[in-house]
Amino acid sequence: MGAGRICRGGSSDGPSSSISTSAQPPSETSSTSVTQTVNGSHDFKITGYSLSKGLGIGRYIASDMFMVGGYSWAIYFYPDGKSPEDGASYVSLFIALASEGTDVRALFELALLDQSGKELHKVHSHFGRNLEAGPYTLKYRGSMWGYKRFFKRTALEESDYLKDDCLSVRCSVGVVKSHTEGPKVYDIPVPPSNINEHFGQLLETVEGTDVRFDVNGEIFTAHKLVLAARSPVFMAQFYGPMKDRDKDCIKVDEMEAPVFKALLHFIYWDTLPDIEELTGLSAKCASTLMAQHLLAAADRYALERLRLLCEVKLCEDAAINTVATTLALAEQHHCQQLKSVCLKFVALPENLRAVMQTEGFEYLKTSCPSVLTQLLEYVARSGEHCAITHEYISQTLDGGDSNGRRVKQRL
């Protein structure tokens, strides 16, 4: 018999096998916690203040509810104070959470507005301050933040905060919101909107136009739907009960052709046109004149953004030769800020006499005589030249010149 042999694996003289593992670096990810405030404000006008006195300590007058950060809020004004121990010596002012919510964190600001024009408001604010304890936390519906002794009543009633028996309160709320942002796994650049370019090209190519306008003999073509989408006046004209469905061409009265062209440019492009290119004139007065006409056109067709753009431009371009006409325009179209800018400009000692010699001032006298009374009030604030200019304006209001002679009023 032959001898047998047993072989065992892993012997020192046999082959060996091993498993190697390469070390992989850990994957890196990141996220960011973003905490910020969602801000909003509410103006609360309290009329008949004197009638609210005696309402009772702890009883309040509430504003309408307003929304900020997904929650409803209300302002509470206590004319006799909130606390019995103060004996109605103070008025109290609070902001309250008016909707369901728990542990709502927020910043607040309560301001009693100065009505003298000096803007010396009485302000209590969290905003812009280093907060040791962080934002204020409202635990539940009805929780409030404010001041029991907001203002001593006797001092309030002798102050500029009370005017015509009215108080004006402004409340600002910043609700604290947090969310976590993870890493973006894409990088897709999104170009800015160019919808105005598409509509502008639609006007220039006259593709699909379905309405024509006759403006001083010049014909303009446009699209009813575009005009109606931009202007409620055009909407009523084309699609309302009095719609001009059967008119092949609509005549536009009391408007110059370049003004209507500029109006169409804004409707399609949502920007003001290049006035120099439109009129062929580079003079500043030409730009001002176009802005004046466009403001009137914007008001006529209820284009609020265009009206405000024109109002801004006219505020910036106030000048001796045009300011009186602009002032009349501001009065006629209820542009209060433009009116104020013009009044202040005219009332300056170095401007007043020069403005009163312009044809625009003659037009102002005949079209808006009540504005001249307001101009006198502005002049009265000027100090040393007050008496001279009062006499000068009074003579002019009466139809005379600076020497007392009668002058013919011109439009």
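Worth saying up front: this structure is predicted, and the values here are computed from it rather than measured.

### Thoughts on the nonpolar core
Link 1 in the chain: In terms of nonpolar packing, the biggest core is built from 59 residues, with F213, L227, F260, L263 and L375 touching the most fellow members.
Link 2 in the chain: With 29 residues, the next largest nonpolar core counts F44, V68, F150 and V169 among its residues.

### A word on helix α5 (residues 232-239)
Along an α-helix, a turn takes 3.6 residues, which lines up residues three or four apart on a common side.
Link 1 in the chain: The set of residues buried in α5 consists of F234, Q237 and F238. Along α5, the residues classed as buried sweep out an arc of 85 degrees about the axis, all on the same side.
Link 2 in the chain: Summarising the contacts, the buried residues of α5 are in contact with β11 (211-215), α4 (224-230), β13 (249-251) and α6 (257-269).
Link 3 in the chain: The N-cap residue of α5 is S231: its side-chain oxygen and the backbone nitrogen of V233 are 3.2 Å apart.

### A word on the side chain of S99
Link 1 in the chain: Along the polypeptide, S99 turns up in the loop between β5 (90-97) and β6 (104-112).
Link 2 in the chain: With relative accessibility at 15%, the residue S99 sits in the buried group.
Link 3 in the chain: If we ignore the near neighbours within four places in the chain, the residues touching S99 are Y71, S72 and R141.

### Quick notes on unusual backbone geometry
Link 1 in the chain: Of note in this structure, N216 is not a glycine but carries a positive phi near 55 degrees.
Link 2 in the chain: Its location among the elements puts N216 in the loop between β11 and β12 (218-222).
Link 3 in the chain: Although it is not a glycine, D270 adopts a positive phi angle of roughly 60 degrees.
Link 4 in the chain: Among the secondary structure elements, D270 is positioned in the loop between α6 and α7 (275-279).
Link 5 in the chain: Assessed through its relative accessible area of 26%, D270 is described here as partly exposed.

### Notes on helix α12 (residues 349-356)
Link 1 in the chain: Here α12 has its buried residues at N351, L352, V355 and M356. On an axial view of α12, the arc spanned by its buried residues comes to 115 degrees, and they lie on one face.

### Quick look at the environment of G117
Link 1 in the chain: Note on placement: G117 falls in the loop between β6 and β7 (122-125).
Link 2 in the chain: What makes G117 exposed here is its relative accessible area of 62%.

Cut-offs used in this document
Residues numbered from 1 in each chain as written. Predicted model: local features only at pLDDT ≥ 70, side-chain atom pairs only at ≥ 80, totals over all residues. Heavy atoms only, no water. Core = buried A, V, L, I, M, F, W, Y, C linked by side-chain atoms within 4.5 Å. Buried < 20%, exposed > 50% of the residue type's maximum accessible area, 1.4 Å probe, protein only. Helix = DSSP H or I, 4+ residues; strand = E, 2+ residues; numbered from the N terminus. Arc of directions from axis to C-beta. Contact = heavy atoms within 4.5 Å. Polar contact = N/O pair within 3.5 Å; in protein donor to acceptor, adjacent residues only side chain to side chain.

Interpretation note: all reported values are geometric properties and have no functional meaning in isolation.
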